[in-house]
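Coordinate inspection notes
Take a look at the letters that make up each chain.
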Amino acid sequence: MSKSIFRTKSVDKILADVASGFSDGEHSGSHLTKALNVKDLTLMGIAAVVGAGIFSTIGLAAFNGGPGVTILFIITAVTCGFSALCYAEFASRIPVAGSAYTYAYASFGELIAWIIGWDLLMEYAIGNIAVAISWSTYFVNLLEGFGINVPAWMTLDYFSAFKAHEQVAQLTANHQTAQITDMLRQGAAAWNNAPGFGDFKLIANLPALLIVVIITYLVYVGIRETKRATNGMVILKIAIVIGVIIIGFFYVTPANWHPFMPNGFSGVMKGVSGVFFAYIGFDAISTTAEECQNPQRDLPRGMIYSLIICTVLYILIALVLTGMVSYKDLAVGDPLAFVFNKVHLTKISGIISFSAVIATASVLLIFQLGQPRIWMSMSRDGLLPKVFSKIHPKYHTPSFATIVTGFVVAIPALFLNLTVVTDLTSIGTLFAFVLVCGGVLLLPREATTKGRFQLLYINSKFIVPVLFVAGCIAFWKPMLGLFSGDNAHENFPFFLFIILSTALTIACFVKNLSLIPVLGLLSCFYLMTQLGYDNWVRFIGWLVIGLVIYVSYGYTHSKLGNKASPTHKLSVRIAAVGAALSILCIVIFFPNRDALIETLDIIVAGCVGFLILYLISAAFFNASERKKPI
């Protein structure tokens, strides 16, 4: 037993626990079903990657970057490729569920494992909500193509309708009706026509609820059913995407590819969030490790094969889009359907809408499959209640965790408009990739084992320092510019990148670190710096909330730790007072008219106050205990 928050769980112990049945909840005798081979894993990876990104976010990325967005796809694919190789190394050594959470537990220790597990829950949950809402939009459009019109109040979220109603009323009162867009008009109509009583209106995104219920049921009843549904959807949508590429090339006007980067490299990098959001799904494959027939061999292959196939498809789609119409016209939510309508191929546009419904459903399926297995893994280690690791005796799935995941996604998808959270999802995923790449650097190099993937070792002793010096020479002016300007504090993420790069360069020269994980770590962290200061603030706020839960529950219930000491319990009580005082300060001194924003401020402030007083009191008690005579 250990009191350290960085206590690690050895690879041998992880594998021994799985073999003994400890991993299956409370020794219920029910195990996860081993039903996946390399073909299934590859198709799952494609299902998770070819989805909302290729049918929606690619449009805005192309609008910002022009045809040069293909370069961003290559950069992102290389970055993900480094991470995929590191995932593959971990998956071959630790073939159990849990993804980056389990890998971090074995390399960095419990606190970092909790942080990455909490981060992955945010990534999957918010990503799922956004995908569910995106699916709803495509589904409603598809129904309209068949002449079926669903009332707007059944397809829109409450807050969007309320804000649209207020804006239309204000613009009308100011005689500015020309500024009322179709989207505002639709939202106001949903508010005005919705049933309700008094000022409350019954407005909810019911199609989003429907798809989450259906997908959650599929994931609940078994991995085989999930596999069959996924394979069918993937084969169909790949066929349609390839067809779109072939037909689209006949309508390409090469003049549209000039200039290739109309807004320069900075314009290309503006699309990093949307492009990376398209790739985040491949890590979900690693959560199915215990359901693979041969995880050491098949998991690495499935990840790498799916990444290569999806990258080729994305590059070809980007070239078709920017070749068929000017990049200036692509700031739309349904770019593929839009460009075919633009060239008067309306039937193809209808097929694309149908494909989008299938594609986004398959992404939701894979994400809903991954999240419960992370809940399950954290529960096995005592960091969450035992019920989350319960395996259903008939369906052999983490049943309770799957149901909770369904509620966590379905309820917000009913009432919230979260299509703008791709930045937050992307920063969470990149953080997971950073830790996985860093974790590989901490693993001891082992001899090659037949049938098991092993990451190629390339000595970074001289390569990384040369790259670092070259980067400093090439970008010294922009680097100096970071310290000037009115909003210099917003360059904080890039300052961290410079510090990390310097430290890693020194470590590479001294420790002869492996090149591939180092490049993966640096490239992922660099992409994180491109996601904006505000997203870093939100991300750190989420991690602060997670740390409070770890201090309050996870630390004291960990399988590797001891029962809570009296001083720890007293520190938690004192910390609760700090949380209450912080909340009181927010309410009194920083009132906010927006109820949602004020609620979020209160939650984060309370957590910060809790952590500050906990750390101070815990440090005081520890110092006092050291002074006591033995």
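Remember, it's a predicted structure, so these values are computed and weren't measured experimentally.

Conventions and cut-offs
Residues numbered from 1 in each chain as written. Predicted model: local features only at pLDDT ≥ 70, side-chain atom pairs only at ≥ 80, totals over all residues. Heavy atoms only, no water. Helix = DSSP H or I, 4+ residues; strand = E, 2+ residues; numbered from the N terminus. Buried < 20%, exposed > 50% of the residue type's maximum accessible area, 1.4 Å probe, protein only. Areas by Shrake-Rupley, 256 points an atom, 1.4 Å probe, with all protein chains shown as cover. Expected span 1.5 Å × (residues − 1). Phe/Tyr/Trp six-rings, centres within 6.5 Å; stacked < 30°, edge-to-face > 60°. Lys NZ or Arg CZ within 6 Å of the ring centre and 35° of its normal. Contact = heavy atoms within 4.5 Å. Axes fitted to C-alpha atoms, helices over the stretch in contact; angles between N-to-C directions. Parallel < 35°, antiparallel > 145°, perpendicular 65-115°, else oblique. Nonpolar A, V, L, I, M, F, W, Y, C, P; charged D, E, K, R; others polar. pLDDT = per-residue confidence, 0-100. Left-handed = near helix turned anticlockwise from the far one by under 90°. Patch = residues over 30% accessible without salt bridge, like charges linked within 9 Å, V, L, I, M, F, W, Y side chains within 5 Å. Salt bridge = Lys/Arg side-chain N within 4 Å of Asp/Glu carboxyl O. Disulfide = S-S within 2.5 Å.

This part takes up the overall build of the chain. Of the regular secondary structure elements, the chain holds 24 helices and two strands. In the chain, which comprises 630 residues, the share counted as buried stands at 54%. Of the roughly 27700 Å² of accessible surface on the chain, 68% is carried by carbon and sulfur atoms.

Our next topic: the side chain of Thr-311. Within the element layout of this structure, Thr-311 appears in helix H13 (residues 295-324). Judged by relative accessible area, Thr-311 falls into the buried class, the value being 12%.

Attention now moves to helix H9 (residues 206-221). The end-to-end C-alpha separation of H9 is 23 Å, in line with the 22 Å expected for 16 residues at 1.5 Å each. Among all positions of H9, only Pro-207, Ala-208, Ile-211, Val-212, Ile-215, Thr-216, Val-219 and Val-221 are buried.

Quick look at the environment of Phe-63 now. In this fold, Phe-63 is placed in helix H3 (residues 52-65). A relative accessible area of 31% means that Phe-63 is categorised as partly exposed. For the pair formed by Phe-63 and Val-268, sequence separation is 205 residues and the distance between their alpha carbons is 9.2 Å.

Let us now look at unusual backbone geometry. Glycine aside, residues mostly have negative phi, and peptide bonds are mostly found in the trans state. A cis amide bond links His-258 with the next residue in sequence, Pro-259, at an omega value of -5 degrees. Secondary-structure assignment places Pro-259 in the loop between helix H10 (223-249) and helix H11 (264-269). The backbone of His-344 sits at a positive phi, close to 65 degrees, despite the residue not being glycine. Structurally, His-344 is set in the loop between helix H14 (335-342) and helix H15 (346-380). The residue Asn-512 is not glycine, and still its phi comes out positive at about 55 degrees. By the element assignment, Asn-512 lies in the loop between helix H20 (492-511) and helix H21 (515-529).

Let's shift gears to the packing of aromatic side chains. Applying the stated criterion to the full structure yields 16 aromatic pairs. Aromatic side chains Tyr-550 and Tyr-555 sit 6.2 Å apart centroid to centroid with 70 degrees between the ring planes, which places their arrangement in the edge-to-face category. With respect to class, Tyr-550 is no different from Tyr-555; both count as buried. Of note, Lys-461 hangs over the ring of Phe-462, and the distance from its end group to the ring centre comes to 5.9 Å. Looking at Lys-461, its charged tip hangs above the ring of Phe-509, at a distance of 4.3 Å from the centre.

Among the secondary structure elements, Ala-361 is positioned in helix H15. Sequence separation between Ala-361 and Ile-211 is 150 residues; the distance between their C-alpha atoms is 7.4 Å. Non-local contacts of Ala-361, meaning those with residues more than four positions away in its chain, are made with Trp-135, Ile-211, Ile-215 and Met-233.

Here the focus is the packing of H14 against H15. Across the interface, H14 lies against H15 with an axial gap of 8 Å and an inter-helix angle of 170 degrees. Considered as vectors, H14 and H15 are oriented roughly antiparallel to each other. Contacts between H14 and H15 involve Leu-336, Ala-337, Phe-340 and Asn-341 from the first element and Thr-346, Ile-348, Ser-349, Ile-352 and Ser-353 from the second. Here the contact of H14 with H15 is built from residues that sort into five nonpolar, four polar and no charged.

Glancing now at the side chain of Asn-64. Within the element layout of this structure, Asn-64 appears in helix H3. Filtering out sequence-adjacent residues up to four positions away, Asn-64 remains in contact with Asn-263, Gly-267, Val-268 and Lys-270.

In low-pLDDT regions, the fine details of the predicted coordinates are not to be read closely. Here the chain averages 77 in pLDDT, and 82% of its residues register 70 or above. Predicted confidence for residues 22-30 stays below pLDDT 50, and this span has 22 contacts to residues more than four positions away or in other chains.

With that settled, consider the packing of H15 against helix H16 (residues 399-415). When two helices pack together, their arrangement is captured by the angle between the axes and the distance separating the axes. At a closest axis distance of 8 Å, the pairing of H15 and H16 adopts a crossing angle of 120 degrees. Considering their axes alone, H15 and H16 lie oblique with respect to each other. Taken as a pair, H15 and H16 cross one another with a handedness that is right-handed. Listed contacts from H16 to Gln-368, Gln-371, Pro-372 and Trp-375 of H15 are Ala-401, Thr-402, Thr-405, Gly-406 and Val-409. Counted by class, the contact of H15 with H16 contains four nonpolar, five polar and no charged residues.

Here we come to a nonpolar patch on the surface. A contiguous nonpolar surface patch, about 490 Å² in accessible area, is contributed by Ile-242, Ile-246, Ile-247, Phe-250 and Tyr-251. For Tyr-251, a relative accessible area of 36% corresponds to the partly exposed category.

Let's shift gears to the state of the cysteines. In the structure shown here, the tally under the stated rule is zero disulfides. You can see Cys-80 has no disulfide; the closest cysteine sulfur is in Cys-524, sitting 6.7 Å from it. Residue classification places Cys-80 among the buried residues on the basis of a relative accessible area of 0%.

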